[in-house]
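Structural features, examined
This is what each chain is made of:
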Amino acid sequence: MVQDEYRDMCETYLMRNFGRHMLITHGKGARVWDDEGNEYIDCVAGIAVCSTGHCHPKVSEAICRQAKELIHISNLFYIPGQAELAKRIVEKSGIKGGRVFFSNSGSEAVEAAVKLARVRTGKKRFIAFKSGFHGRTFGALSLTHKEDYRLPFTPLPYDCSFVEYGDIEGLKAVMDDTVAGGNPGTGAGRGRSLPPRTGRVPGGGAQRVHRE
Ligand SMILES: Cc1ncc(COP(=O)(O)O)c(C=O)c1O
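Residues numbered from 1 in each chain as written. Predicted model: local features only at pLDDT ≥ 70, side-chain atom pairs only at ≥ 80, totals over all residues.

With that settled, consider the sheet that holds strand E2 (residues 31–34). Taken together, three strands build an open sheet; the order of strands is E1-E2-E3 and the sheet is antiparallel. Among the strands making up the open sheet, the edge pair consists of strand E1 (24–28) and strand E3 (39–41). Direction aside, neighbouring strands of the sheet carry axes that sit 30 degrees apart on average. As paired strands, E2 and E3 are joined by three bridges and run antiparallel to one another. Note that in E3 the partner of Val32 across the bridge is Tyr40. (Pairing = 2+ DSSP bridges. Helix = DSSP H or I, 4+ residues; strand = E, 2+ residues; numbered from the N terminus. Axes fitted to C-alpha atoms, helices over the stretch in contact; angles between N-to-C directions.)

Given below as structure tokens:
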């Protein structure tokens, strides 16, 4: 199918909430191809989530196997493989007594982390960096500074103070006993990750809220 026809169909039938660019038809490893056969190195990787590349044979095989065994039975039942994966993640993380919460998206992970921080601390305020992006659900948006994302949906449920990334003094200024947690994000917003230039993030009894 040619790109223009497909773009017209998307415009007609899909919500126009994302700006899309090319028609990518398939991928292998770190490479993807468009509908005209042009080959690209995929530096986007699903916004940094396709860590095993496209269509790794072991990943494809595992997805196909699961689809033939059981599609979905909700969290009302034990599911083979789930606890094994959680065990491996906890062991790899090195967090003693750690437990895993599986979710479907980054936004959902941020929502869960923010809720956990509130329940754990009994506090309601959060801190996030101005350049960070945390997702589009209401809770995740509360921690996202960019006005284009936030303003159409205010008031948002969580009270959040924003500071410039790496501004340790600014961070100290907004940190007090009312803070439930902070989302350090990965730096300079969507598509870029930068280590902070100065110092470390002060704790002050707040929970560290982070999806990774
Ligand atoms: C740093 C960060 N947090 C959260 C999200 C939200 O993830 P999702 O789009 O899976 O809800 C994104 C998505 O781009 C992200 O880059």
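This part takes up the environment of Glu108. Along the chain, Glu108 turns up in helix H5 (residues 106–121). For Glu108, a count of 17 C-beta atoms within 10 Å puts it in the partly exposed group. (Buried ≥ 20, exposed ≤ 12 C-beta atoms within 10 Å, placed from the backbone.)

A few words on the confidence of the model for the protein. Model confidence for the protein is summarised by a mean pLDDT of 87, while 85% of its residues fall at 70 or above. The spread of mean pLDDT over the elements of the protein runs between strand E7 (residues 207–208), the lowest at 56, and E3, the highest at 98. (pLDDT = per-residue confidence, 0-100.)

Turning to helix H4 (residues 82–93), a few remarks are in order. The α-helix advances 3.6 residues per turn, and as a result positions three or four apart in sequence lie on the same side. With twelve residues, H4 ought to run about 16 Å at 1.5 Å a step, and its terminal C-alpha atoms sit 17 Å apart, in line with that. Sparse coverage of H4 is indicated by the burial of zero of its twelve residues. Immediately beyond the C-terminal end of H4, within one or two residues, lies Gly94, with a positive phi of roughly 75 degrees. (Expected span 1.5 Å × (residues − 1).)

Moving on, we come to the pairing of strand E6 (residues 179–183). Burial analysis of E6 places five of its five residues in the buried class, which makes it a mostly covered element. Here strand E4 (residues 125–129) runs beside E6; their pairing, made up of four bridges, is parallel. For Ala128, the partnering residue across the bridge sits in E6 and is Asn183.

Another aspect to go through is unusual backbone geometry. Going from Thr154 to Pro155, the amide bond is cis rather than trans, its omega being 0 degrees. In this fold, Pro155 is placed in the loop between helix H7 (147–150) and strand E5 (159–163). In this structure, Ala48 takes a positive phi of about 65 degrees despite not being glycine. Mapping Ala48 onto the fold places it in helix H2 (residues 45–48).

The subject of this paragraph is the nonpolar core. If you look at the biggest cluster of nonpolar residues, it comprises 20 residues, and the most contacted ones within it are Val110, Val114, Phe126, Ile127, Ala128, Leu143 and Cys160. Mapped onto this core, the elements with two or more residues apiece are H5, E4, helix H6 (138–142), E5 and E6. Considering each element in turn, this core owes the most residues, five residues, to H5. Not counting residues within four places of it along the chain, the set of residues in contact with Ile127 comprises Cys160, Ser161, Val163, Leu171, Val174, Met175, Val179 and Gly182. (Core = buried A, V, L, I, M, F, W, Y, C linked by C-beta atoms within 7 Å. Contact = placed C-beta atoms within 7 Å.)

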